[in-house]
Amino acid sequence: MSSSDIFIGETIGTAILILLGGGVCAAVTLKASKARNAGWLAITFGWGFAVLTAVYTSAPLSGAHLNPAVTLALALKKDGIDWSDVPVYWGGQLLGAMIGAALVWVAYYGQFHAHLTDKEIVGGPGAQATAAKAVEAQEKGAGPVLGIFSTGPEVRVAWQNVATEVIGTIVLVLAVLTQGLNDSGKGLGVLGALITSLVVVSIGLSLGGPTGYAINPARDLGPRVVHALLPLPNKGGSDWGYAWVPVVGPLIGAALAAGIYNVAFA
């Protein structure tokens, strides 16, 4: 794979991942959406199908890492990818995540505006008691629609939040390394795409409750940047005080998973 193939493949694949994954979060969250309040099952399966679609689309070009943690693990894996390719993968992933988040905003433009100008959501004169949680979230640094773009903890305990992301990423990366790779061992295969998507659903159902299971630094950081830049009314903060957790946690988890794989499986 050439550097251009890797960059283009990761950009396209990660954009699709975030478009569909962020899209299901928008569908469930925004007040004027037909899927409003569809719940956690819709979100977890939506993200699983997003992974499946994105991997099948981008695998022929880049091997469909779509996640800096997966790329790091494949660089640490015996006979893995070249370290010189890591920045190319990471650059495409971050750019793709930002593009995907921007496309979610375009697709739900009217719903974002309706949601963020509703006094019951953002508070203000005439607001009802139902606005209390949104106001409290903004005071903590997270605006009322940040969850569409990025993750956040239900209980803010830094070491636990990091540990949750580490554990979830270890599960994901071990599944990729042991079951998901193609014949070259440097990207996901056809069957591996299906296995990985089901693992993502499983992680979401079992381990997603505490932090929203980023398990992917680009998936969280790119959309968080877009949230900070978009001209959304009453959007609140982007919670930069938490932003390091879904970056550091998955990278630590990926390194540990690669070490486990090299000792136990390679």
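Refer to the structure printed above.
Asker: Quick question: what am I supposed to make of helix 10 (residues 190-207) here?
Answerer: End to end, helix 10 covers 26 Å across 18 residues, agreeing with the expected 26 Å (1.5 Å per residue, within 8%). All of the buried residues in helix 10 are Gly192, Ala193, Thr196, Ser197, Val199, Val200, Val201, Ile203 and Gly204. Residues of helix 10 that are buried sit in contact with helix 2 (40-62) and helix 9 (158-180).

Asker: Is there a simple way to explain the pattern of salt bridges in this structure?
Answerer: When their charged atoms lie close together, side chains carrying opposite charge are able to pair. This model, assessed by the stated rule, comprises 4 salt bridges. The shortest N-O distance in the salt bridge between Asp118 and Lys31 comes to 2.9 Å. Residue Asp118 is found in the loop between helix 5 (109-116) and helix 6 (119-122), and its partner Lys31 is found in the loop between helix 1 (3-29) and helix 2; the two are separated by 87 residues along the sequence. On the basis of relative accessible area, Lys31 is assigned to the partly exposed category, the value being 36%. We note a salt bridge from Asp220 to Arg224, for which the minimum N-O separation is 2.7 Å. Here Asp220 and its partner Arg224 are both found in helix 11 (residues 217-229), 4 residues apart, which amounts to about one turn of the helix. By the burial criterion, Asp220 is buried, and Arg224 matches it. A single network of salt bridges, built from pairs that share partners, joins Lys31, Asp118 and Glu120.

Asker: Honestly, a nonpolar patch on the surface in this entry has me stumped. Any pointers?
Answerer: Judged by side-chain polarity, Phe7, Ile8, Ile12, Leu95, Ile99 and Leu103 come together as a nonpolar surface patch covering roughly 470 Å² of accessible area. Contributions of two or more residues to the nonpolar patch are made by helix 1 and helix 4 (86-107). Along the polypeptide, Leu103 turns up in helix 4.

Scoring rules and cut-offs
Residues numbered from 1 in each chain as written. Predicted model: local features only at pLDDT ≥ 70, side-chain atom pairs only at ≥ 80, totals over all residues. Heavy atoms only, no water. Helix = DSSP H or I, 4+ residues; strand = E, 2+ residues; numbered from the N terminus. Expected span 1.5 Å × (residues − 1). Buried < 20%, exposed > 50% of the residue type's maximum accessible area, 1.4 Å probe, protein only. Contact = heavy atoms within 4.5 Å. Salt bridge = Lys/Arg side-chain N within 4 Å of Asp/Glu carboxyl O. Patch = residues over 30% accessible without salt bridge, like charges linked within 9 Å, V, L, I, M, F, W, Y side chains within 5 Å. Areas by Shrake-Rupley, 256 points an atom, 1.4 Å probe, with all protein chains shown as cover.

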